[in-house]
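# What the coordinates show
Below are the chains, spelled out letter by letter.
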Amino acid sequence: MKIDLILRNGHVWTMGEPGRTHALGILSGRIVAVGDDTAGLEADRVVDLGGRTVVPGFHDAHAHTGRFGLGLTQLDLSDATGLDDIYRRVVRRAADLPDGAWLIGHGYEPAGYGGGHPRRADLDRIAPAHRVWLKHRSEHMGVGNTLVLDDAGVFGIDQVRGGIIERDGAGEPTGLLQEQAQALVNDLLVPVAVRELVEAIGAAHRRYVAEGLVACQEAGIGGGWIGLSPVELAAYQTALREGKLRVRTTLMPAYETLRELNGHDTDEVGLGLDLGLTTGLGDPMLRLGAVKIFADGALASRTAAMTDEFSNEPGNRGVLQLEPEELRDRIIGAHRSGWQVATHAIGDRAVGLVIDAYREALTRWPRSDARHRIEHCSVTTPDHISALAELGVVPVLQNYFIHTLGDAVLANVGPQRSDWVYRLRSLLDAGIPAAGSSDRPVADGAPLKAIQRMLTRRTADGQAFSPHEAVSFEDALRCYTVNAAHSAFLENQLGTLTPGKLADAVVLAEDPTAVPTDSLDQIGIAATIIGGQPAHDPHALLG
């Protein structure tokens, strides 16, 4: 039998049976043989890997591709050393823009430079003729100047449900908008044109394949404060048609895109997209995933809904973006209508409310393997972990947050709760298939960087972050391959390098078990293979 491609003389981690082996055989985009089963087969191409390590392609279970791609042309503030540095960068960018233009920056983090947020008055002073909007690294808050706040109508609003308009001692807005208050500005920036989104997707995916990503899940499109256009799906379809969509993409529509459907009286499909579309429509290249619902905010911004107050802000227990009953009704309504539900919940109070809603939904309307998710699932008590295991709920984690946000988070939650934050070992030991992800652009999306933090668990300042939650390289790899595929109902297609699966693999430049743990994030990607074809092959390894 003649097949398309044989990769031989490698160290292949199949993450399935037979475990580790030395060769792969590929035909028509799928794996047809592994290890000794490739012996005697002929192929159009035979590639000698020279002992390189091959692993299943990385799968980011929660990213914001459109926002990341758009951000590649915006002002990057992620490495700013202080407020003065931020202001200098704004001045330089303003000099290149016409008066009245938007000047959007992203990624600033006060914990990284020991200062506070930029202020409206300062932005007015340094860029009075531009609409300045600077987004915090968490994407859960941002700062605008007067032109932006005036256009957004902020000065005529006392407060926003599920959000915060920060005010100074005189009651005037400082420019900082948190959580749902950001929607006031977001409404000025959307809808983004489909053509602009197509180019952003293409730019993002070029970066993805260079980092070994073969699949991603887009965590919220089409509506709410997270969506970029009501026709966002059209941008992904166009990108696919034009060859710009390069990694397998699962799209999560925002809950706000759903509407009441007037089907037959006996139908359970009460909420959905037109024609009754729901989770699973499509193919492994572009498909619909879970519906995305927001419960609370973030730890770094002290807007996650906590049971007890933040250690460094007495009286503040965070923000629920919806009243508990409305959150419950949304989750139950989506479940009853056949959706997989992915709820953003970070604080322990939010996580508990979501678990309770999932339990009620599954009790009242039982469904085999609903596989609901909690996005982030950042603060979990022992009771939460037991419930996640019992209900089959998948936590979708971002362990690189330990590096980018960890110092601020430790200060916010305090030592008494730090062992409950960003758990991993505890979840895996309970048999819970926690999925790996980045939440890009909130954090660097390179999977090997996240995997390294799963092993080392140290913040940017070198603080140990619950080191007992560290895992092995193989366990971390499983989160970014097997478990990520499971979170999207793609385990029959992706996640392992075993016969019948799609031939999506990454060739690593070095053996990850032979380098110091602190150097894992420095391992190069020698090649990324999607459907048996090179998606990234900088040194023509695959010919």
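Let me begin by describing the structure that accompanies this report. Just so it is clear, the model here is predicted, and its values are computed rather than measured. (Residues numbered from 1 in each chain as written. Predicted model: local features only at pLDDT ≥ 70, side-chain atom pairs only at ≥ 80, totals over all residues. Heavy atoms only, no water.)

### A short note on the overall build of the protein chain
Along its length, the protein chain carries 17 helices and 28 strands. Taken over C-alpha atoms, the radius of gyration comes to 23 Å for the protein chain, in line with the 24 Å a tight globule of 543 residues would show. Dimensions of the protein chain, computed from C-alpha atoms along their principal axes, come out at roughly 80 × 60 × 45 Å. Residue burial in the protein chain is summarised as follows: out of 543 residues, 60% are buried. Excluding contacts between residues fewer than 6 apart, the proportion of contacts in the protein chain whose partners are at least 24 apart in sequence is 72%. When the accessible surface of the protein chain is summed, it comes to about 20300 Å², and 48% of that surface belongs to carbon and sulfur atoms. If you average the places of the 50 positive and of the 70 negative side-chain charges in the protein chain, the two averages end up 3 Å apart. (Helix = DSSP H or I, 4+ residues; strand = E, 2+ residues; numbered from the N terminus. Rg over C-alpha atoms; globule rule 2.2 N^0.38 Å. Buried < 20%, exposed > 50% of the residue type's maximum accessible area, 1.4 Å probe, protein only. Contact = heavy atoms within 4.5 Å. Areas by Shrake-Rupley, 256 points an atom, 1.4 Å probe, with all protein chains shown as cover. Lys, Arg positive; Asp, Glu negative; His and termini not counted. Charge placed at Lys NZ, Arg CZ, Asp CG, Glu CD.)

### Notes on the pattern of salt bridges
Within this structure, the stated rule accounts for 33 salt bridges. Between Lys244 and Glu199 there is a salt bridge; the shortest N-O distance is 4.0 Å. Taken as a pair, Lys244 in the loop between helix H8 (232-241) and strand E16 (248-253) and Glu199 in helix H7 (residues 194-210) lie far apart in primary sequence, 45 residues in all. Glu199 gets classed as partly exposed once you look at its relative accessible area, which sits at 39%. Asp444 is paired through a salt bridge with Lys449; the nearest N and O atoms lie 2.8 Å apart. (Salt bridge = Lys/Arg side-chain N within 4 Å of Asp/Glu carboxyl O.)

### Overview of the packing of H7 against H8
Where H7 contacts H8, the two axes come as close as 9 Å, and the packing angle between them is 55°. Comparing the axis directions of H7 and H8 gives the class oblique. In the packing of H7 onto H8, the handedness of the crossing is right-handed. Seen from H7, the contacting residues are Val194, Arg195, Leu197, Val198 and Ile201; seen from H8, they are Glu232, Ala235, Tyr236, Thr238 and Ala239. (Axes fitted to C-alpha atoms, helices over the stretch in contact; angles between N-to-C directions. Parallel < 35°, antiparallel > 145°, perpendicular 65-115°, else oblique. Left-handed = near helix turned anticlockwise from the far one by under 90°.)

### Some words on the packing of aromatic side chains
Inspection of every chain in the model, using the stated rule, returns 5 aromatic pairs. With a centroid separation of 6.1 Å and 65° between ring planes, the pair formed by Phe401 and Tyr422 is classed as edge-to-face. Residue Phe401 is located in helix H12 (residues 401-404), and its partner Tyr422 is located in the loop between helix H13 (406-413) and helix H14 (425-429); the two are separated by 21 residues in the primary sequence. Classification of Phe401 by relative accessible area gives buried; the value is 5%. Connected via pairs of aromatic rings, a cluster forms that spans Phe401, Tyr422 and Phe465. (Phe/Tyr/Trp six-rings, centres within 6.5 Å; stacked < 30°, edge-to-face > 60°.)

### What to know about the sheet that holds strand E2 (residues 11-13)
The sheet built from 6 strands is open, its strands ordered E3-E2-E7-E26-E27-E28 with mixed pairing. Where the open sheet ends on each side, the last strands, each with one partner, are strand E3 (20-21) and strand E28 (533-536). (Pairing = 2+ DSSP bridges.)

### As for the packing of helix H9 (residues 324-336) against helix H10 (residues 348-364)
Two elements in contact, H9 and H10, have axes whose closest approach is 9 Å; the angle formed by their N-to-C orientations is 40°. Taken together, the axes of H9 and H10 are oblique relative to one another. For the crossing formed where H9 meets H10, the hand is right-handed. Residue-level contacts link Pro324, Leu327, Arg328, Ile331, Ile332 and His335 of H9 to Arg349, Leu353, Val354, Ala357, Tyr358, Glu360, Ala361, Leu362 and Arg364 of H10. Grouping the constituent residues of the contact of H9 with H10 by class yields 10 nonpolar, 1 polar and 4 charged. (Nonpolar A, V, L, I, M, F, W, Y, C, P; charged D, E, K, R; others polar.)

### Things to note about the sheet that holds strand E4 (residues 24-27)
The strand order across the open sheet built from 4 strands is E5-E4-E1-E6, with neighbouring strands paired in mixed fashion. Looking at strand neighbours, the two that pair on one side only are strand E5 (30-34) and strand E6 (42-48), the edges of this open sheet. Direction aside, the axes of adjacent strands within the sheet are offset by 25° on average.

### A closer look at the environment of Val319
Here Val319 lies in the loop between strand E21 (291-294) and H9. Sequence separation between Val319 and Glu179 is 140 residues; the distance between their C-alpha atoms is 8.3 Å. Sequence-distant contacts of Val319, that is, excluding residues within four places in its chain, are made with Gly162, Gly163, Ile164, Ala295, Asp296, Gly297, Thr303, Ala304 and Ala305.

### With respect to the nonpolar core
One recurring pattern in soluble globular proteins is that nonpolar side chains are buried together. Core analysis: the biggest nonpolar cluster contains 97 residues, and Phe58, Leu299, Ile374 and Tyr422 have the highest contact counts within it. Among all residues touching Tyr422, those that are not within four sequence positions of it are Leu299, Ser378, Asn399, Phe401, Ile402, Leu405, Val409, Arg457 and Phe465. Leu7, Leu24, Leu49 and Ala526 belong to the second-largest nonpolar core, a separate cluster that totals 19 residues. (Core = buried A, V, L, I, M, F, W, Y, C linked by side-chain atoms within 4.5 Å.)

### Overview of the pairing of strand E11 (residues 131-136)
E11 sits mainly inside the fold: 5 of its 6 residues count as buried. Relative to E11, strand E10 (residues 102-108) runs parallel, the two sharing 6 bridges. Each bridged residue has a counterpart across the sheet, and for Ile104 the counterpart in E11 is Trp133. Judged from the 3 bridges that link them, E11 and strand E12 (residues 141-144) form a sheet pairing that is antiparallel. Across the sheet, Trp133 pairs through a bridge with Gly144, a residue of E12.

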